[in-house]
Amino acid sequence: MDTLDSWQAVAAYRAKFAQCDDGSIAEGSSEAVARLLVDHWDTLPELSRLMAKTPSLRPFVLRHINTTLDTRDLDKIRQDASQCPNGLDSLCKDIGEAAIHASRSP
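Residues numbered from 1 in each chain as written. Predicted model: local features only at pLDDT ≥ 70, side-chain atom pairs only at ≥ 80, totals over all residues. Heavy atoms only, no water.

*Asks:* Help me out: how do you make sense of the packing of aromatic side chains in this one?
*Replies:* Think of a pair of aromatic rings as described by two things: how far the centres are apart, and how the planes are tilted against each other in angle. This structure, assessed with the given rule, holds two aromatic pairs. Centre to centre, the rings of Tyr-13 and Phe-17 are 5.7 Å apart; their planes meet at 40°, and the pair counts as tilted. A residue pair is termed a helical-turn pair when its members lie 3 or 4 positions apart in one helix, as Tyr-13 and Phe-17 do in helix α1 (residues 7-17) at four residues. With a relative accessible area of 9%, Tyr-13 lands in the buried category. Judged by centre distance (6.3 Å) and plane angle (55°), the rings of Tyr-13 and Phe-60 are tilted. Of the two residues, Tyr-13 sits in helix α1 while Phe-60 sits in helix α4 (residues 57-63), which places them 47 residues apart along the sequence. Accessibility assignment for this pair places Tyr-13 and Phe-60 in one class, buried. The rings of Tyr-13, Phe-17 and Phe-60 are connected pair by pair, giving a single aromatic cluster. (Phe/Tyr/Trp six-rings, centres within 6.5 Å; stacked < 30°, edge-to-face > 60°. Helix = DSSP H or I, 4+ residues; strand = E, 2+ residues; numbered from the N terminus. Buried < 20%, exposed > 50% of the residue type's maximum accessible area, 1.4 Å probe, protein only.)

Printed below as a string of structure tokens:
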């Protein structure tokens, strides 16, 4: 999971190992997604471009914004999603909703 340090790496991982993304491996994927969203929000346009080329990446990323993440990370993701880069409103809305849902889940 340490190599999932860019959206390109996440996309490549999803393409190659999606069938293995379960249990503790999925938790590592979620942490990688969170780190990119929390620490590198400015890379969201790159994520959007990759999602346009590979639509299955979108549900993969959104699925990993979940209850395994730290509450502070979910709050930061939700806050950043409310300050969306131009043209990415739909993606930001989905990311924000995923963070809200994860925050409210028991």
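That shown, we press on.
*Asks:* Sorry if this is basic, but what is going on with helix α3 (residues 44-53) here?
*Replies:* Within α3, the full set of buried residues consists of Leu-44, Leu-47, Leu-50 and Met-51. Along the long axis of α3, the arc covered by the buried residues comes to 120°, so they all point the same way. Opposite the buried face of α3, by more than 90 degrees, sit the exposed residues Arg-49, Ala-52 and Lys-53. (Arc of directions from axis to C-beta.)

*Asks:* Whenever I open this one, the nonpolar core confuses me. Can you help?
*Replies:* In globular proteins that are soluble, nonpolar side chains generally tend to be buried together. Formed by 33 residues in total, the largest nonpolar core has its most connected members in Trp-7, Leu-37, Leu-44, Leu-47, Leu-57, Ile-65 and Ile-95. The contact partners of Ile-95, leaving out residues within four places of it in the chain, are Leu-37, Trp-41, Leu-44, Leu-62, Ile-65, Ile-77 and Ala-81. (Core = buried A, V, L, I, M, F, W, Y, C linked by side-chain atoms within 4.5 Å. Contact = heavy atoms within 4.5 Å.)

*Asks:* Teacher, can you tell me more about the state of the cysteines here?
*Replies:* Any covalent bond linking the sulfur atoms of two cysteines counts as a disulfide. Considering all chains together, one arrives at one disulfide under this definition. With a sulfur-sulfur separation of 2.1 Å, Cys-84 is cross-linked through a disulfide to Cys-92. In this structure, the disulfide formed by Cys-84 and Cys-92 twists by about 80° around the S-S bond and is classed as right-handed. Owing to a relative accessible area of 22%, Cys-84 belongs among the partly exposed residues under this scheme. According to the relative accessible area criterion, Cys-92 is buried, its value standing at 2%. (Disulfide = S-S within 2.5 Å.)

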